[in-house]
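Overview (structure and organization)
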Amino acid sequence: MEVEERLKRARIQIQKKNSFFAYLSLYLNFKESKDLPDYAGAGVNSKGDFYYRKEYFEKLSDELIESIIVHEILHL
């Protein structure tokens, strides 16, 4: 399954588990980025653009992807 599809599925799982993060997750726009530093697999800006490195996310479990999304929401 493609990374973008896994990110969308993770967002749905977050929405099922927590209404607070569910609402905030609706404003995220997933965008692949090759400009992130090697130590960063994801990042978010103040507009809600969620940048991720595809190679990084391909190696992660679905639960860890959910955790990263919530982590990035907390930055906002």
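The coordinates are above.
Right, let's walk through the structure included here. (Residues numbered from 1 in each chain as written. Predicted model: local features only at pLDDT ≥ 70, side-chain atom pairs only at ≥ 80, totals over all residues. Heavy atoms only, no water.)

One pass over the structure, following the stated rule, counts six salt bridges. One salt bridge in this structure joins glutamate 66 and lysine 17, with 2.8 Å as the shortest N-O distance. In this pair, glutamate 66 is assigned in helix H4 (residues 62-75) and lysine 17 in helix H1 (residues 3-17), connecting sequence segments 49 residues apart. The exposed category is assigned to lysine 17, whose relative accessible area is 59%. When the shortest N-O distance is used, the salt bridge between aspartate 49 and lysine 31 registers 3.5 Å. (Salt bridge = Lys/Arg side-chain N within 4 Å of Asp/Glu carboxyl O. Helix = DSSP H or I, 4+ residues; strand = E, 2+ residues; numbered from the N terminus. Buried < 20%, exposed > 50% of the residue type's maximum accessible area, 1.4 Å probe, protein only.)

Glancing now at the environment of valine 44. Structurally, the position occupied by valine 44 is in strand E2 (residues 42-44). Separated by 29 residues in sequence, valine 44 and glutamine 15 place their C-alpha atoms 19 Å apart. Excluding residues within four positions of it along the chain, valine 44 makes contact with Leu28, Asp49, Phe50, Glu72, His75 and Leu76. (Contact = heavy atoms within 4.5 Å.)

Where strand E1 (residues 29-32) and strand E3 (residues 49-52) come together, four bridges link them in parallel fashion. Looking at the pairing, phenylalanine 30 lines up with phenylalanine 50 of E3. Here E2 pairs with E3 via three bridges, running antiparallel. Within the sheet, the bridge partner assigned to glycine 43 lies in E3 and is tyrosine 51. Count of turn residues in the E2/E3 antiparallel hairpin: four residues, of which glycine 48 carries a positive phi of about 90°. (Pairing = 2+ DSSP bridges.)

Let us look at the nonpolar core. Counting 17 residues, the largest nonpolar core has Leu7, Phe30, Phe50, Tyr52, Phe57, Ile65 and Ile69 as the members making the most contacts within it. Elements represented by at least two residues in this core include exactly H1, E3 and H4. Of the residues forming this core, the biggest block, five residues, is contributed by H4. Filtering out sequence-adjacent residues up to four positions away, isoleucine 65 remains in contact with Arg6, Leu7, Ala10, Phe57 and Leu60. (Core = buried A, V, L, I, M, F, W, Y, C linked by side-chain atoms within 4.5 Å.)

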